[in-house]
Each structure stands twice: as structure tokens, then as C-alpha cells.
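# A structural walkthrough
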Amino acid sequence: VERYDASQDRWTEVQPMSSARSTHGVCAVGDDVYVIGGNVTGVGYVASVLKYSVSRNTWTEAGNMPTTRDSLCVCLVGSHIYCIGGYDEGRNLSLVERFDTENSEWSTLAPMPTARSAAAAFMLEGMIYVSGGDDAAGSPTDVVECYDPVSGAWDTVASLPGTRAYGAGCSFRS
């Protein structure tokens, strides 16, 4: 694992994770970085959550998601990490689970209307947007859906200009 210091324009190696993984979700919360789910070589899909403390340069187990999966997207709203969609045992998921980082508790929320993996998620003005990904048939999609964490409701919004999967998303305000 490497860390980039923008002020010094330099990469440094930090404490390695307990096991290498791919297709996981990553989310920064304050001084901590959460690595969620994914695929561990020799093990397969995992539900484990690892937490890296930047100031201590240490990894700790932060429990498990209720559902094993990889290729999920994650998004932070307040102190909650939303784990959305993903892939498990031959199927794409519409599942949404939320992790409360202050109390280390999981809850299951309203599912996305569109089951998918390898989508991008970002938060804008308190709403979570999920775009693209591979749909239930395993094909890239142009669907964009918006989740309201307050009401717990999903809405479909304007489609992407083309189909996309395995992308990333972020919000930007000038």
C-alpha cells in the first residue's frame, strides 16, 4: 500500500493490508481509510472491512458487511458509508447496506431499482448518485439513479450519454 503526499509530491510505502484484494470499495472517513469487501486471492469474495489509520499507520479489522460481494461502489454521507450493488456468486446485486462508522453498526436499506456491479457512486448536495455499471445481464448500462438518504427513496435521473462500467465518479463544485 502506498500513500501520496501532495505537499512533497512524493509516494511512500505504508503498512500493508493483512491480505491483498481487488475489486473492493474504498472510503475515507476523517483520519481513517476503509477497505470494504472485494475479492481475496485464494479465498474469493469477502465481506470483511479493514480500517487503516493514517496517523498510526496501522490496519484493524472493522467487522464484516452483512453480504459478501465485490465490485461494489461506496459513498460517504456524514459518518455513514453506503455500500451499493456489487457482485456475488454469479449475480449482480441491487442491495444497499449502510455502515455507521461511529457505532460500527450495519443496516440494510431500500434496494436500487437496477441490480448492478462495477458502477460509480458519488454524493452531491446530500444525495447519492449511482451511474453505469454492469446490469443484471452483465452488460454495461447507461442508467443513473439517485438515492435520498433522508427519505430512503430511489429515483431514476437522466441517463449517461453512453453505457459505462468499471468507472469512477466524484462531485465537484466551483
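## A few points about the environment of Ile128
Within the element layout of this structure, Ile128 appears in strand β17 (residues 127-131). Excluding residues that lie within four positions of it along the chain, Ile128 makes contacts with Cys75, Val77, Tyr82, Ile84, Phe122, Met123, Glu145, Cys146, Tyr147 and Pro149.

## A word on the pairing of strand β18 (residues 144-148)
The side chains of a regular strand alternate, first on one face of the sheet and then on the other. Within β18, four of the five residues are buried, which leaves it mostly tucked inside the rest of the structure. Here β17 pairs with β18 via four bridges, running antiparallel. In the strand pairing of β18, Ser131 is matched with Val144. Between β18 and strand β19 (residues 153-157), which follow one another and run antiparallel, lie four residues, and Gly152 among them has a positive phi close to 75°.

## Thoughts on unusual backbone geometry
Its identity is not glycine, yet Thr23 carries a phi of approximately 50°, on the positive side. With respect to the helices, strands and loops of the structure, Thr23 is situated in the loop between β3 (21-22) and β4 (25-29). On the basis of relative accessible area, Thr23 is assigned to the partly exposed category, the value being 35%. Even without a glycine there, the phi angle at Tyr166 is positive, about 60°.

## Side note on the environment of Gly133
In this fold, Gly133 is placed in the loop between β17 and β18. Residue Gly133 is classed as buried on the basis of its relative accessible area, which comes to 1%. Residues in contact with Gly133, not counting those within four places in the same chain, are Ser117, Ala118, Ala119, Ser139, Pro140, Thr141, Arg164 and Ala165.

## Describing the side chain of Thr141
Structurally, Thr141 can be placed in the loop between β17 and β18. On the basis of relative accessible area, Thr141 is assigned to the buried category, the value being 8%. When sequence neighbours within four positions are dropped, the list of residues in contact with Thr141 reads Gly132, Gly133, Asp135, Leu160, Gly162, Thr163 and Arg164.

Thresholds applied
- Residues numbered from 1 in each chain as written.
- Predicted model: local features only at pLDDT ≥ 70, side-chain atom pairs only at ≥ 80, totals over all residues.
- Heavy atoms only, no water.
- Helix = DSSP H or I, 4+ residues; strand = E, 2+ residues; numbered from the N terminus.
- Contact = heavy atoms within 4.5 Å.
- Buried < 20%, exposed > 50% of the residue type's maximum accessible area, 1.4 Å probe, protein only.
- Pairing = 2+ DSSP bridges.

Function cannot be read off these values alone, since they describe shape.
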